[in-house]
Amino acid sequence: VMAEGAGAGPRLAELLAVGRRLWEEVENGAEPSSGAPAVQDKVRQGLDALQRATAMVAQLDLFSENEELEEIASADLKYLLLPALLGSMTLKQVDMSRRLEHLESARAHFWRFLKLCRSYGLGKFHLPPAAASSPGEEDAGSPAPRGPAAAQASLLAMAMSRQAKIERHNQKKELENRLASMRTCVESGQADEDQIREFYILQIQKWINTSLEEIESIDQEMVILRSRATAKQSSAPPHGPVRPARTPLKPFILTRNAAQAKVFGAGYPGLPTMTVDDWYEQRGKQGVVSAQTVPQRAPGITDEELQEKKEEEDDEEALQKARNWDDWKDTHPRGYGNRQNMG
């Protein structure tokens, strides 16, 4: 079906021309920031024109995966570029809160373009998977093999990937040079059908290289964004009940017993006094100190009795030390062990 047929062709050609012009202005624009309002206005207008053109191409059923490249009219070849242009324009949006959504959408456009090119035999390349794998999906299967053979295979794969990138880059440069030399002839209307056909096929082949590069870049960025989202979820606080904040303690004088509390209380009327047992009891009611940590005492023993018992124990200990010192002096002359001062 010719794009110019059924009266829809001129409108479709105009939409593609508008979308492509806006893409070129954004791509090669003089604006210092891609987030500038003027730039993003062009992005929105370009996306609108390209999406409308894509819907029209689908309605006209211009392309089919069951037909050969020779069956496509030369004037229709340029519409094959629509998915690639849509993918590239989608990436030029700067709303970071929707970045993952934009990456997935752009990747789908690039992949659809590559699949269509493969079905028409345009270019020799390995078609990437339809969707980017999620983090951990690669590890879900059997564990990766290890050892020298695996390392050698990994190095070989890296070398092949690097070589493919170099070849793509060189091919892209060559295609750009050939396109530049043909552009004036085609756009001025002086080119014949064969030249027009070759010009559009060269453009398609250039965009194949661009799409492969973009999908690789998108997959890498999606891994980073998804891992960041996972890290944020794991570091977020649980949704359980929040423990109430503890009431800060007011200053007070901590005493050993009730007798000290009375003495200190009289000297510092501005500060309340509290015994150790009172303090433990208060903290236990607040849930700060468990009942197991509160010091236990035998029933019926008062603070005064505890103090007397402590003083008696202190006296016995002092008496025993004095006795041991007397015994030591009986068996050691004065100055024993003093060898430095010789006195």
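Now for a look at the structure at hand. (Residues numbered from 1 in each chain as written. Predicted model: local features only at pLDDT ≥ 70, side-chain atom pairs only at ≥ 80, totals over all residues. Heavy atoms only, no water.)

Within the protein chain, the regular secondary structure consists of 9 helices and 2 strands. Each helix and strand of the protein chain, ordered N terminal to C terminal, gives the series α-α-α-α-α-α-β-α-β-α-α. Out of the 343 residues belonging to the protein chain, those deemed buried represent 28%. By sequence separation, contacts in the protein chain at least 24 residues apart represent 66% of the contacts at least 6 residues apart. Within the structure as shown, the protein chain displays about 23,600 Å² of accessible surface, and the carbon and sulfur contribution to it stands at 53%. (Helix = DSSP H or I, 4+ residues; strand = E, 2+ residues; numbered from the N terminus. Buried < 20%, exposed > 50% of the residue type's maximum accessible area, 1.4 Å probe, protein only. Contact = heavy atoms within 4.5 Å. Areas by Shrake-Rupley, 256 points an atom, 1.4 Å probe, with all protein chains shown as cover.)

On to the pattern of salt bridges, then. Throughout the structure, instances matching the rule amount to 14 salt bridges. The shortest N-O distance in the salt bridge between R20 and E24 comes to 3.9 Å. Pair noted here: R20 and E24 are both in helix α1 (residues 9-27), with a separation of 4 residues, about one helical turn. Assessed through its relative accessible area of 18%, R20 is described here as buried. The class of E24 is partly exposed, set by a relative accessible area of 33%. Salt-bridge contacts for R99 lead to E221; the nearest nitrogen and oxygen are separated by 2.8 Å. You can see R99 sitting in helix α4 (residues 99-119) and its partner E221 sitting in helix α6 (residues 193-235), a full 122 residues away along the chain. Taking the relative accessible area as the measure of exposure, R99 reaches 14% and is therefore buried. (Salt bridge = Lys/Arg side-chain N within 4 Å of Asp/Glu carboxyl O.)

Remember, this is a structural readout, not a statement about activity or role.
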